[in-house]
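Architecture and fold: a report
Given next are the chains, with one letter for each unit.
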Amino acid sequence: MKYTIDELTAAKRQIDSTLHKLRETVKTFESKDNSERYKSQITLAKRRIKVFEIANYFIENEIKNC
């Protein structure tokens, strides 16, 4: 499926925003007292970060190839 450069740029911008929010979420949970209690939320956020980083990589490559 082909996407325009504008669509790819908008998608990258949204992913960057989501990544920022997820990283802040991890920091918040890890800084809480008894952070072990939030282990599942931290793990989920870290997995999502990795997925969005992978998506960002492919979008960046696609933008370079346009």
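Note that this is a predicted model, so its numbers are computed, not measured. Throughout this description, residue numbers start from 1 for each chain and increase along the sequence as written. Reporting of local features is limited, given that this is a predicted model, to residues whose pLDDT is at least 70; pairs of side-chain atoms are given and counted only at 80 or more, and all residues count toward the totals for whole chains, interfaces and linings. To obtain the side-chain values, all non-hydrogen atoms of the structure were included, while hydrogens and water were left out.

**Overview of the overall build of the protein chain**
The helix and strand tally for the protein chain stands at two helices and zero strands. Radius of gyration: over C-alpha atoms. The globule rule applied is 2.2 Å multiplied by the number of residues raised to the 0.38 power. Relative to the compact-globule value of 11 Å for 66 residues, the protein chain shows a C-alpha radius of gyration of 15 Å, a clear excess of over 25%. Each principal axis of the C-alpha distribution contributes one length, and for the protein chain these read about 50 × 15 × 15 Å. Across the 66 residues in the protein chain, those meeting the buried criterion constitute 20%. In this analysis, two residues are considered to be in contact whenever any of their non-hydrogen atoms come within 4.5 Å of each other. If you take every contact in the protein chain between residues at least 6 apart in sequence, the share linking residues at least 24 apart comes to 68%. The protein chains shown are the only cover counted for residues, whose accessible areas, like all others here, come from Shrake-Rupley with a 1.4 Å probe. For the protein chain, the exposed surface amounts to about 5,300 Å²; the carbon and sulfur share of it is 53%. The numbering of helices and of strands both runs from the N terminus, where a helix is a DSSP run of H or I of at least 4 residues and a strand a run of E of at least 2. When accessible area is computed with a 1.4 Å probe and restricted to protein chains, residues below 20% of their type maximum are described as buried, those above 50% as exposed, and intermediate ones as partly exposed.

**Quick notes on the pattern of salt bridges**
Any Lys or Arg side-chain nitrogen found within 4 Å of a carboxyl oxygen on Asp or Glu counts as a salt bridge. Taken as a whole and assessed by the stated rule, the structure comprises five salt bridges. Residue Lys-12 pairs with Glu-60 through a salt bridge whose shortest N-O separation is 3.2 Å. With Lys-12 in helix H1 (residues 5-31) and Glu-60 in helix H2 (residues 39-65), this residue pair connects regions lying 48 residues apart in the sequence. Here Glu-60 falls in the partly exposed class, since its relative accessible area comes to 31%. Lys-46 serves as the salt-bridge partner of Glu-30, at 3.1 Å between the closest nitrogen and oxygen. Of the two residues, Glu-30 sits in helix H1 while Lys-46 sits in helix H2, which places them 16 residues apart along the sequence.

**Re the nonpolar core**
Residues belong to one nonpolar core when they are buried, are Ala, Val, Leu, Ile, Met, Phe, Trp, Tyr or Cys, and are joined through side-chain atoms within 4.5 Å. One finds Leu-8, Ile-15, Leu-19, Leu-22, Val-26, Phe-29, Tyr-38, Ile-42, Ala-45, Ile-49 and Ile-59 forming the largest nonpolar core, which totals eleven residues. In terms of residue count, H1 provides more of this core than any other element does, six residues in total. Those residues in contact with Ile-59 that lie beyond four places of it in its chain are Leu-8, Ala-11, Lys-12 and Ile-15.

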